[in-house]
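# Notes for the structure review
Take a look at the letters that make up each chain.
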Amino acid sequence: MKRIERQGLWLGFAGVAIFALTLPMTRLAVGTPDAPLMSGAFIALGRAAVAALLSVAFLLATRAPWPRRQDWLPLLVTSAGVVFGFPLFTSVAMRYVEAVHASVIVGVLPLATALVGALLHRQRPSPGFWACAALGTLLVVAFALLRSGQGLRLHVADLLLLAAMACAAVGYAYGGRLAQTMRAEHVICWALVIAAPVTVPLAWWTQPQSLVPGSAWAAFAYVAVFSMWIGFFAWYRGLALGGTVRVSQVQLVQPFLSMLFAVPLLGERLDAVTLGFGVVVIATVFVGRRMPVRTAAAPMRPPLLSPSTEQR
């Protein structure tokens, strides 16, 4: 594997490690059905609003150029996926399921991201790569069903989480594509800024009307600054360097990192079976990263991917 691809994988892992705290922190902020705290709508919109304000300052400080005309539509798609869709669906769902349970649903995200990325970037992963991706996903889904206690039935919150995964996959793939011609930090910043006319007023309107403990505000601050902003700096840069299809598989370790974080933060339980599944899934990531991923031949390279138009 090339050095630049390895760098992309490590940056992707750094982003995943930051994202792994998102579900436990969201659970800490929304509370439970018996003891609700912040609303899911406020957390989703509020975190985007805070990150948008930080983005304005960052874009000005780095003298970021305006996106090109052909970049606006991909930015809108990225914003729809990672600024609106994923945060809204997960924030509503997290009041009704534990973080450990929700974490395993995230296991479908790497495969979904790889599928979208392969279509968007005209890549052809090898059969061995797809086999590893499918095996890792099946292991995570099997773990979810084993721990659900409901057989093959899914909770409504599970459906919301699956919808969130679809939104994230699209937002990750388009954002990773933009990061090939824009600074990775600028991709998420512009996605947040163009959403600000919606997120800022709605966040103000949905803010808590009663006292909320400091722990909930601390959790909200994390998802606003790290999950919604800083984590994407590393994640989109990793996707650009290592390729969306390959780096997406690093996300297979995210559910188990989330579980580890949920134990001290929320007092949830972690047992040997969970650790065993985690070790096997991580093994599929290490095997899959060695499988070839080829780019389909094209008569002309799309302007968005042209290195000559890279903005720094």
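Structure: above.
For every chain, the first residue of the written sequence is number 1, and numbering continues from 1 onward in sequence order. Per-residue local features are limited, in this predicted model, to residues with pLDDT of at least 70; the limit for side-chain atom pairs, both in listing and counting, is 80 or more; totals at the level of whole chains, interfaces and linings are taken over all residues. Hydrogens and waters are ignored; side-chain quantities use all the structure's heavy atoms.

### Examining the packing of aromatic side chains
Selection rule: Between rings of Phe, Tyr and Trp, where Trp is taken as its six-membered ring, a pair exists when centres lie within 6.5 Å; planes separated by under 30 degrees are stacked, by over 60 edge-to-face, and by other angles tilted. A run of H or I in DSSP counts as a helix once it spans at least four residues, and a run of E counts as a strand once it spans at least two, with each numbered from the N terminus. Any residue under 20% of the maximum accessible area for its type is buried, any over 50% is exposed, and the rest in between are partly exposed; the area is computed with a 1.4 Å probe on protein chains only.
Throughout the structure, instances matching the rule amount to 17 aromatic pairs. Taking the centre distance of 5.0 Å and the plane angle of 55 degrees together, the rings of Phe19 and Phe232 count as tilted. Of this pair, Phe19 sits in helix α1 (residues 3-19) while Phe232 is found in helix α10 (residues 214-242), placing the two residues 213 residues apart along the sequence. For the pair Phe19 and Phe232, one class covers both residues: buried. Ring centres of Trp66 and Trp72 lie 6.4 Å apart, and the angle between their planes is 45 degrees; on these two criteria the pair is classed as tilted. Taking the relative accessible area as the measure of exposure, Trp66 reaches 65% and is therefore exposed. The exposure class assigned to Trp72 is partly exposed, which follows from its relative accessible area of 28%. Taken together, the ring pairs connect Phe19, Tyr172, Phe232, Trp235 and Tyr236 into an aromatic cluster.

### Regarding the pattern of salt bridges
Note the following rule: Any carboxyl oxygen of Asp or Glu within 4 Å of a side-chain nitrogen of Lys or Arg constitutes a salt bridge here.
In this structure the tally under the stated criterion is two salt bridges. Between Asp71 and Arg68 there is a salt bridge, with its nearest N and O atoms 3.2 Å apart. With its nearest N and O atoms 3.0 Å apart, the salt bridge here joins Glu185 to Arg183.

### Let's talk about the environment of Cys189
Test applied: Working rule for contacts: check all heavy atoms of both residues, and any pair within 4.5 Å makes them a contact.
With respect to the helices, strands and loops of the structure, Cys189 is situated in helix α9 (residues 184-205). Classification of Cys189 by relative accessible area gives buried; the value is 0%. In this structure the C-alpha to C-alpha distance between Cys189 and Ser55, which are 134 residues apart in sequence, comes to 4.8 Å. Apart from the residues within four sequence positions on either side, Cys189 is in contact with Ser55, Phe58, Leu59, Trp229 and Phe233.

### Digging into α9
Here is the rule we go by: A helix is expected to span 1.5 Å for every residue after the first. One axis fitted to the seven residues ending at a residue, another fitted to the seven starting there: the angle between these axes is the bend at that residue.
Here α9 spans 31 Å end to end across 22 residues, near enough to the 32 Å set by a 1.5 Å rise per residue. Along α9, the sharpest change in direction is near 65 degrees and occurs at Ala196; proline Pro197 comes one to four residues later.

### Digging into the packing of helix α2 (residues 22-30) against helix α3 (residues 40-61)
Applicable threshold: Fitted lines through C-alpha atoms give the axes, limited to the stretch in contact for helices. The angle between two N-to-C directions lies from 0 to 180 degrees. Oblique is the label for any angle not covered by the other classes, which are roughly parallel (under 35 degrees), roughly antiparallel (over 145) and roughly perpendicular (65 to 115). By convention the crossing between two helices is left-handed if the near helix lies anticlockwise of the far one by an angle smaller than a right angle, and right-handed if it lies clockwise. Charged means Asp, Glu, Lys or Arg here, nonpolar means Ala, Val, Leu, Ile, Met, Phe, Trp, Tyr, Cys or Pro, and polar covers whatever is left, Gly included.
Put simply, α2 and α3 touch, their axes get as near as 10 Å, and they point 125 degrees apart. On the basis of the axis angle, α2 is oblique to α3. In the packing of α2 onto α3, the handedness of the crossing is right-handed. When α2 is examined against α3, the residues Thr22, Thr26, Ala29 and Val30 are found in contact with a partner set consisting of Gly40, Ile43 and Arg47. Broken down by class, the residue content of the contact of α2 with α3 amounts to three nonpolar, three polar and one charged.

### Topic: unusual backbone geometry
Located in the positive-phi region is Arg63, a residue other than glycine, with phi close to 50 degrees. By the secondary structure assignment, Arg63 is in the loop between α3 and α4 (72-93).

### Section: a nonpolar patch on the surface
Where we set the bar: Two joining distances apply to patches: 9 Å for like charges and 5 Å for nonpolar side chains (Val, Leu, Ile, Met, Phe, Trp, Tyr), and every residue must have over 30% relative accessible area and no salt bridge. The Shrake-Rupley method, run with a 1.4 Å probe sphere, supplies the accessible areas, and residue values consider only the shown protein chains as cover.
A cluster of nonpolar side chains, Val198, Leu202 and Trp205, forms an exposed patch at the surface whose accessible area comes to about 330 Å². Examined against the element boundaries, Val198 turns out to sit in helix α9.

### Section: the packing of α3 against α4
Between α3 and α4, the shortest axis-to-axis distance is 8 Å and the interhelical angle comes to 145 degrees. Along this stretch, α3 crosses α4, giving a crossing that reads as right-handed. Contacts between α3 and α4 involve Gly40, Ala41, Ile43, Ala44, Leu45, Arg47 and Ala48 from the former and Val83, Phe84, Phe86, Pro87, Leu88, Ser91 and Val92 from the latter.

### Quick notes on the nonpolar core
Where we set the bar: In this description, a nonpolar core means a group of buried Ala, Val, Leu, Ile, Met, Phe, Trp, Tyr and Cys residues linked to one another through side-chain atoms lying within 4.5 Å.
Counting 79 residues, the largest nonpolar core has Tyr172, Leu192, Phe232, Trp235 and Tyr236 as the members making the most contacts within it. Looking at which element gives the most residues to this core, the answer is α10, with 13 residues.

### Digging into the side chain of Thr113
Here is the rule we go by: Two N or O atoms count as a polar contact when they lie within 3.5 Å, although within protein this holds only if one can serve as hydrogen donor and the other as acceptor, and sequence-adjacent residues are included solely when both atoms are side-chain atoms.
Structurally, Thr113 is set in helix α6 (residues 109-120). Of the residues examined, Thr113 reaches a relative accessible area of 0% and is grouped as buried. There is a polar contact of 3.5 Å between the side chain of Thr113 and the side chain of Gln251. The contacts of Thr113, once residues within four sequence positions are left out, are Ala169, Tyr172, Thr244, Ser248 and Gln251.

Geometric values such as these leave the question of function open.
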